[in-house]
Amino acid sequence: MTEPPSLEGLRRPVGIWRAVIALGDYPLKQALWPEATFALILGGGGSALIVRATNVAGRVGVMGDVMALAGGLLVVVFAALAIVVSLPSTSYLRMLGETEDGGMRRFLDPFLVAVGTQILLLLLGFAYILLASTVRLWVEHVGFYAIATLLVFGLLDVAGLARQLVRHGVLRAADAALGEQEQQQAADVHHLPGRRGSGQS
């Protein structure tokens, strides 16, 4: 006996790495623009200028603020993910599956990528604070470049998540309007026999 088609998606793995790998399914422009492109330009270029103007102690000192920001963004993104997952109705999920995004899994992938970005940023921040003054200078520079790029990407990714939430709100509004329309049609059908009876008398 075969399983129902609705259970087919349950066998697929769910996780941050899978969401990152799934970015390869997006068109190149959609995957890189604008968050990744600006992260490389602003994060990479800006960090190179910062390295020229500061010393290791100064860069280690600012890393505490970076980690505090990453922790705050992690909380916000996780809360948004929990809200988006817990609210949808059956009709909303059906409507979402009919969009070009490809269903709830594709819709939630950016949230998983954002969570993974902030977690990686926290881990790299911890490692940088502990090791920056003991490793070779070029290793410290590479680590700082990576952290700066991830920081800019994480900040810009909030705008991408905002687009997802706005789309979520639009679909929720359409789902609510459709539900009201179906209830009105059901009420009209319910009263239809009474109208017929009154017309025949």
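Residues numbered from 1 in each chain as written. Predicted model: local features only at pLDDT ≥ 70, side-chain atom pairs only at ≥ 80, totals over all residues. Heavy atoms only, no water.

## Some remarks on the side chain of Ser47
Rules: Numbering of helices and strands starts at the N terminus; helices are DSSP runs of H or I of at least 4 residues and strands are runs of E of at least 2. Here a polar contact is taken to be a pair of N or O atoms separated by no more than 3.5 Å, where protein atoms must pair a possible hydrogen donor with a possible acceptor and residues adjacent in sequence count only if both atoms sit in side chains. We call two residues contacting when some pair of their heavy atoms lies within 4.5 Å.
Note that Ser47 resides in helix H3 (residues 35–53). A polar side-chain atom of Ser47 sits 2.8 Å from the main-chain carbonyl oxygen of Gly44. Excluding residues within four positions of it along the chain, Ser47 makes contact with Leu42, Phe144, Tyr145 and Ala148.

## Quick notes on the nonpolar core
Defined as follows: We call a set of buried Ala, Val, Leu, Ile, Met, Phe, Trp, Tyr and Cys residues a nonpolar core when their side-chain atoms join them within 4.5 Å. Note on classification: 1.4 Å probe, protein chains only; a residue is buried when its accessible area is under 20% of the maximum for its type, exposed when over 50%, partly exposed between these limits.
Core analysis: the biggest nonpolar cluster contains 26 residues, and Met63, Val66, Leu108, Phe111, Leu121, Tyr128 and Ile147 have the highest contact counts within it. Mapped by element, the contributors of at least two residues to this core are helix H4 (56–86), helix H6 (104–131) and helix H7 (137–200). The contact partners of Ile147, leaving out residues within four places of it in the chain, are Met63, Val66, Leu121, Leu124, Gly125 and Tyr128. If you look at the next biggest cluster of nonpolar residues, it comprises five residues, including Ala36, Val113, Val152 and Phe153.

## Quick look at the confidence of the model for the chain
For clarity, the cut-off: Per-residue confidence from the predictor is reported as pLDDT, a score between 0 and 100.
Averaged over all residues, the pLDDT of the chain equals 75, while 62% of them reach at least 70. Looking at the elements of the chain, mean pLDDT is at its lowest for helix H2 (residues 28–32), recorded as 52, and at its highest for H4, recorded as 88. When the criterion is pLDDT under 50, residues 1–10 qualifies, and its contacts beyond four places in sequence or with other chains add up to two contacts. Across residues 195–201 the pLDDT falls below 50, and counting only partners more than four positions away or on other chains, this stretch makes zero contacts in the model.

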